[in-house]
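# Structural overview
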Amino acid sequence: MQENATQQHMVWLGGAVLLHDGVIAPLVFLVGLVLGRGDGRGPVRGALLVAGALTAVALPVLLRPGETANASVLPWDYRSNWLIAMVAVATVTVLRPAARRFLPRVRSVRRSRQPAADPGTAGSDG
């Protein structure tokens, strides 16, 4: 029984490597090429990496057919939770450019309100 479990783990790990190297990484690369050098390239590529990693981790549970014999083994609705995670990743990706446009204004307002340091006292030991 132990050999069978070890073999199953090795097959799953090999599949994870193939999924990453054969699907996720090329997809992220191609999206980067299509988007060119725009502002959205980095966030979209990051979102694809996070979504791919979440999917790779959740894949065994997502592909498991039907109910388990023991309800406490998989007590939650993993498909719904995975979808919520994907929506969260997409939402953060879409809202990030708006936040980047807003935050520099806030920082510049804070800097303009700070009193300027006296150049004669900077670096003096007293």
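Residues numbered from 1 in each chain as written. Predicted model: local features only at pLDDT ≥ 70, side-chain atom pairs only at ≥ 80, totals over all residues. Heavy atoms only, no water.

Below, the discussion takes up the overall build of the protein. Regarding its fold elements, the protein presents three helices and zero strands. Helices and strands appear in the protein in the N-to-C order α-α-α. Taking the contacts inside the protein whose residues are at least 6 apart along the sequence as the reference set, 52% of them involve residues at least 24 apart. (Helix = DSSP H or I, 4+ residues; strand = E, 2+ residues; numbered from the N terminus. Contact = heavy atoms within 4.5 Å.)

Our next topic: a nonpolar patch on the surface. Together, Met10, Trp12 and Leu13 make up an exposed nonpolar region whose accessible area comes to about 330 Å². Relative to the helices and strands, Met10 is located in helix α1 (residues 2-35). Judged by its relative accessible area of 54%, Met10 is exposed. (Patch = residues over 30% accessible without salt bridge, like charges linked within 9 Å, V, L, I, M, F, W, Y side chains within 5 Å. Areas by Shrake-Rupley, 256 points an atom, 1.4 Å probe, with all protein chains shown as cover. Salt bridge = Lys/Arg side-chain N within 4 Å of Asp/Glu carboxyl O. Buried < 20%, exposed > 50% of the residue type's maximum accessible area, 1.4 Å probe, protein only.)

Next up on the list: the side chain of Thr93. If you trace the backbone, Thr93 turns up in helix α3 (residues 78-113). Thr93 has contacts with Pro43, Val44 and Ala47, leaving out every residue within four places of it along the chain.

Right, let's get into helix α2 (residues 41-63). Under the 1.5 Å per step criterion, the end-to-end length of α2 is 31 Å for 23 residues, consistent within 8% with the ideal 33 Å. The principal kink in α2, of about 45 degrees, is found at Val57, preceding the proline Pro60 by one to four residues. When α2 is considered as a whole, its buried residues turn out to be Pro43, Ala47, Ala51, Gly52 and Leu62. (Expected span 1.5 Å × (residues − 1). Bend = angle between axes of the 7 residues up to and from the residue.)

A few words now on the confidence of the model for the protein. Mean pLDDT for the protein: 76, with 69% of residues reaching 70 or above. Ranking the elements of the protein by mean pLDDT puts α3 last, at 79, and α2 first, at 82. (pLDDT = per-residue confidence, 0-100.)

What follows concerns the environment of Ile24. Turning to its location among the elements, Ile24 is positioned in helix α1. As a C-alpha pair, Ile24 and Leu48 span 24 residues in sequence and 7.8 Å in three-dimensional space. The contacts of Ile24, once residues within four sequence positions are left out, are Leu19, Leu49, Gly52 and Ala53.

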